[in-house]
Amino acid sequence: MRPLFVRALTGTLALAATGGVAPLADPVPAAADSVVVGGFPVRVSDTPWVVALASRDRFGGTRAGQFCGGVVIAPTKVMTAAHCLSRTVLGGEVSQVRDLRVIAGRTELTASDGREIAVSGSWVSPAYNPRTNSSDLALLTLADALPESQVIPVAPEGDQAYVPGTAATVFGWGDTEGNGSYATALRAAEVTILADRNCQTAYPGGLSGRYDASTMLCAGDPRGGHDACQGDSGGPLVAHGKLIGLVSWGSGCGKADSPGVYTRVSAVRLP
Ligand code: ARG
C-alpha cells in the first residue's frame, strides 16, 4: 500500500478499530483551537443536505456508527467520497455491510431524531484511483426518498464558486483537534478556495501525496487552523450555496502549509 493512501485513511481506520484514538501520521500538531478543525457548531436543520454515513456493525454504536459524511444531491441520491466505500475503510465489500445507513436530519449523533435510511445501491466513479485518490467520488441510492427541500445544487464546471479566493464552508462530524477527538455534533469550518499551485507545492508526490488539479480542489486556511479532518471524508464543501467539493484527503489537519484536498465534483462524470 502506498503512503498517501495510508495517510488518507488513518483516522477512519483508527476510528473503526478503537472507537476514536487516531494516531496522526504527521508529527506536527494541529492548531490548538483548531469540523472539523477550527469549526463551530451548526444545526442540520439549517443545512439539511449534510448527512452521515453509518454502520453500527462496522464502527460501533457510540456515535451511531458514523464513519464518513455525505451530501444529498437528489431525493434518493447521496454523494460521498469513493474511499469511504473502500474495503480498507469498511473491512469488506460495501454490499456486505448489511446495516449501511444514511442518517439525515440529526445534528447530534447520540440523539435519535431525523431519519436513518437504508442504502439500496452504490456507484463508485470508474475513474476513482485508490492509489492517488483522484476522482474520489461515489453515489449511494436511498431506499426511501428525502424531500426536494433537502437537496443542494451541484456547481457546474466554470461556476464562480470554484474560483480561488472564494469563501467556502466544510461540514462534518470528524476529528476536531487532529488527535482523535471525534465530534458527536455536526460542525462546520470556514475555508478559502486556494489556487491549485498551493496544493501542487504542498503535495508534489511521494510521501505527501500528489495533487491532481483535474479532479481535485484545494481549500484551507493559509494561516492554518481551519480544515476538515479524519472522519469528515465524503462530507460537503459548499460555496455560493452550491456543492463544489467532497472532503478527500490532506496531511495532518489545519496546518498552514498543508491545505485540505477535496474532490472537484464538477470534474467527475456522473452515471
Ligand atoms: N481521509 C480523511 C477521512 O477519511 C479526510 C482527511 C481530510 N484531511 C484534511 N486535512 N482536510 O476522513
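Residues numbered from 1 in each chain as written. Predicted model: local features only at pLDDT ≥ 70, side-chain atom pairs only at ≥ 80, totals over all residues. Heavy atoms only, no water.

Caption draft 1: How the structure looks around the sheet that holds strand β2 (residues 50-54). Sheet architecture is closed into a barrel: six strands sit in the order β2-β3-β4-β7-β6-β5, paired in antiparallel fashion. With strand direction ignored, the average angle separating the axes of adjacent strands in the sheet is 40 degrees. Across four bridges, strand β4 (residues 77-80) lies against strand β7 (residues 138-142) in antiparallel orientation. For methionine 79, the partnering residue across the bridge sits in β7 and is leucine 139. (Pairing = 2+ DSSP bridges. Helix = DSSP H or I, 4+ residues; strand = E, 2+ residues; numbered from the N terminus. Axes fitted to C-alpha atoms, helices over the stretch in contact; angles between N-to-C directions.)

Caption draft 2: Focus on the environment of glutamine 160. Position of glutamine 160 among the secondary structure elements: in the loop between β7 and β8 (167-172). Relative accessible area serves as the criterion here: at 53%, glutamine 160 is assigned to the exposed category. Between the C-alpha atom of glutamine 160 and that of alanine 239, which follows or precedes it by 79 residues, the distance is 9.0 Å. Not counting residues within four places of it along the chain, the set of residues in contact with glutamine 160 comprises Thr166 and His240. (Buried < 20%, exposed > 50% of the residue type's maximum accessible area, 1.4 Å probe, protein only. Contact = heavy atoms within 4.5 Å.)

Caption draft 3: Quick peek at unusual backbone geometry. Despite not being glycine, alanine 64 shows a phi value in the positive range, around 60 degrees. Note that alanine 64 resides in the loop between α2 (56-59) and β3 (66-74). Located in the positive-phi region is asparagine 133, a residue other than glycine, with phi close to 70 degrees. Locating asparagine 133 in the fold gives a position in the loop between β6 (115-124) and β7.

Caption draft 4: Highlighting the pairing of β8. The buried fraction of β8 amounts to five of the six residues, a majority that puts the element mostly inside the structure. Sheet topology note: the β8/strand β9 (residues 187-193) ladder contains six bridges and is antiparallel. From the neighbouring strand, threonine 169 faces β9, where its bridge partner is glutamate 190. Pairing between β8 and strand β11 (residues 236-239): two bridges, direction antiparallel. In the sheet register, valine 170 faces β11, and the bridge partner there is leucine 237.

Function cannot be read off these values alone, since they describe shape.
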